[in-house]
Amino acid sequence: LAIMLRRRVTGFFVTDDRDASRLATKHGVTVATTWGLLRVASRKCWVDSDSMWGYIQTLRTSKRGNPPGVTDRASFDKWLAT
């Protein structure tokens, strides 16, 4: 983020760190998260929803959290559709 700001790089910053995300947003830098990138992969049909659900389970098992509001497969499907 510091390099992007110092060099005035146009692009997006990938992070799951909430403080870094807030700082980037404050400086007008677009932020992408793991969940956002996974959602894009699904929308672009790079990954089917069943495989994506498996990725979510792997991330959950690794203590990486869940997409916002996702607690089960039904809420996951709804999250993908939004």
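Quick caveat: nothing in here was measured; it's all calculated off a predicted structure. (Residues numbered from 1 in each chain as written. Predicted model: local features only at pLDDT ≥ 70, side-chain atom pairs only at ≥ 80, totals over all residues. Heavy atoms only, no water.)

1. A word on the pattern of salt bridges
Note the threshold: Here, a salt bridge means any side-chain nitrogen of Lys or Arg that lies within 4 Å of a carboxyl oxygen of Asp or Glu. Secondary structure elements are defined from DSSP: runs of H or I of at least 4 residues count as helices, runs of E of at least 2 residues count as strands, and each element is numbered from the N terminus. Exposure categories follow from relative accessible area, calculated using a 1.4 Å probe and restricted to protein chains: below 20% of the type maximum is buried, above 50% is exposed, and the middle band is partly exposed.
Inspection of the entire model under this criterion finds 4 salt bridges. With a closest N to O distance of 3.0 Å, Arg73 and Asp77 form a salt bridge. A residue pair is termed a helical-turn pair when its members lie 3 or 4 positions apart in one helix, as Arg73 and Asp77 do in helix H5 (residues 73-81) at 4 residues. A relative accessible area of 26% places Arg73 in the partly exposed class. Taking the relative accessible area as the measure of exposure, Asp77 reaches 34% and is therefore partly exposed. It is possible to trace a salt-bridge network through shared partners that takes in Asp50, Arg73 and Asp77.

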